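# Observations on the three-dimensional arrangement
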Amino acid sequence: MTSQLPEPSRRSAPSGGLRASHDDREAVVEQLRDAAAEGRIDLDELDSRLEQALTSKTYAELAVLTADLPGPKALEDQRPLVLKGGMYGASRGPGRWEVPGHVIARGGVGGVKVDFTRVECRLSEVTVEAYGEAAGVTIVVPGSWAVDTSGMGPGIGGLTDKTTPDRLPGTPLIRLTGSGGMAGVVIRHPNRRELRKLDSNPKRD
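Residues numbered from 1 in each chain as written. Predicted model: local features only at pLDDT ≥ 70, side-chain atom pairs only at ≥ 80, totals over all residues. Heavy atoms only, no water.

### Structural notes on the sheet that holds strand β7 (residues 146–153)
To keep it simple, the criterion reads: When DSSP finds two or more bridges between a pair of strands, those strands are recorded as paired. Secondary structure follows DSSP: runs of H or I at least 4 residues long count as helices, runs of E at least 2 residues long count as strands, and numbering of each begins at the N terminus. Only the contacting stretch of a helix is used when fitting its axis, a line to C-alpha atoms as for every element, and angles between N-to-C directions run 0 to 180 degrees.
Taken together, the five strands give an open sheet; going across it, the order is β1-β3-β5-β9-β7, and neighbouring strands pair in parallel fashion. Lying at the two open borders of the sheet, with one neighbouring strand each, are β1 (81–84) and β7. Averaged over all adjacent pairs, the angle separating strand axes in this sheet is 15°, with direction ignored. Where strand β3 (residues 102–106) and strand β5 (residues 125–131) come together, five bridges link them in parallel fashion.

Right, here's the structure in full:
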C-alpha cells in the first residue's frame, strides 16, 4: 500500500514572514531618515540601515530596522499647516514638502501662494481652508489632481477655479473651504512658465 503524503498546509504565513512591497520598504526608509534628522541615529547607522531596508524581502526584516525607534506619526494626526500673508506675503512650494491633512492659508496684506506641484502626498484627501482677505490666496495643484470647491464661500473677491475635473487614480482630492474675502481665491494647475521652470530644474527640492 502506497503511503500518502500530507497535503500542503493552507495556513497563512506568519505576518512577519510575508513579503514586503516597494511601498513598505519606502515607508521604512522615510522613518529612518526622520529618525536621523531628529538625532536618534547617526549618519553611519542611517546608511547601514537604509542599505538593509532597500534589500529587505519580508516584514520581519524591515521591523528589525525600526524596532528601537518611535512609530511614524499618522498624517491625519498632524497639526494643520498655517500660512499667513501678513505684510510681506507667504508661500509653500513648489519644492518637496510634507503635506498634512489640513492647510490653512490667510492672504493678509501680502498674499499667500500654496504650490502642491512637486509634493508626494500619501493622503487621499487634503482640506485647504483659504481666506483671501486683502491680498488673496493662490493654490496650484498638479494637473492630475481634482478639486472640490463646494465648501468655499466666494466673499467679495470671489473664487476663480481654473482646474480640470480629470483625476488620476491614487491622487489626492483637494477640498477647498473658506472665503474669498476682499481679494479672492484662485485655484489652478501650473501655468506654462511654471511648467518650463520645473522641466528645466527637475531635481529641485
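Having seen it, we continue.
### Here's the deal with the sheet that holds strand β8 (residues 159–161)
Read across the open sheet, the five strands follow the order β2-β4-β6-β10-β8; overall the sheet is parallel. Only two strands of the sheet have a single partner each, and these edge strands are β2 (90–92) and β8. Sheet twist, expressed as the mean angle between neighbouring strand axes with direction ignored, is 5°. Across four bridges, strand β4 (residues 112–115) lies against strand β6 (residues 137–140) in parallel orientation. The residue bridging Asp 115 from the neighbouring strand is Val 140, located in β6.

### Things to note about the nonpolar core
Nonpolar side chains in soluble globular proteins tend to be buried together. Under the convention used in this document: The criterion is simple. A nonpolar core is a set of buried Ala, Val, Leu, Ile, Met, Phe, Trp, Tyr and Cys residues joined through side-chain atoms within 4.5 Å. Three exposure classes are used, based on accessible area relative to the maximum for each residue type with a 1.4 Å probe and protein chains only: buried under 20%, partly exposed in between, and exposed over 50%. In this description, contact between two residues means that some pair of their heavy atoms is separated by no more than 4.5 Å.
With 25 residues, the main nonpolar core has Phe 116, Val 126, Val 128, Ile 139, Val 141, Ile 174 and Leu 176 as its most contacted residues. Looking at this core, the elements with two or more residues in it are β1, β3, β4, β5, β6, β7, β9 (173–179) and β10 (185–188). At three residues, β5 tops the list of elements feeding residues into this core. Setting aside residues no more than four positions away along its own chain, Ile 174 makes contact with Phe 116, Val 126, Val 128, Val 141, Trp 145, Ala 146, Val 147, Asp 148 and Ile 187. In this structure, Ala 20, Leu 32, Ile 41 and Leu 46 belong to the second largest nonpolar core, which totals 13 residues.

### Structural notes on the packing of aromatic side chains
Rules: Stacked, edge-to-face and tilted labels apply to pairs of Phe, Tyr and Trp rings (six-membered ring for Trp) whose centres lie within 6.5 Å, assigned for plane angles under 30 degrees, over 60, and everything in between, in that order.
A complete count under the given rule lists two aromatic pairs for this structure. With centroids separated by 5.3 Å and ring planes inclined at 40°, the aromatic side chains of Trp 97 and Phe 116 adopt a geometry described as tilted. With a gap of 19 residues between them, Trp 97 in the loop between β2 and β3 and Phe 116 in the loop between β4 and β5 connect regions that are remote in the sequence. A centroid spacing of 5.7 Å and a plane angle of 45° characterise the contact between Phe 116 and Trp 145, whose relative ring orientation is tilted. Of the two residues, Phe 116 is situated in the loop between β4 and β5 and Trp 145 in the loop between β6 and β7; the sequence distance between them amounts to 29 residues. Classification of Phe 116 by relative accessible area gives buried; the value is 0%. Residue classification places Trp 145 among the buried residues on the basis of a relative accessible area of 5%. In this structure an aromatic cluster arises from ring pairing among Trp 97, Phe 116 and Trp 145.

### Some words on helix α3 (residues 59–66)
Note the threshold: Regarding the arc, it is the one traced by the directions from the helix axis to the C-beta atoms.
Along α3, the residues classified as buried are Leu 62, Leu 65 and Thr 66. The arc that holds the buried residues of α3, viewed along the axis, is 85°, so those residues lie on one side. Looking at the packing, one finds that the buried side of α3 touches α1 (22–37) and α2 (43–55).

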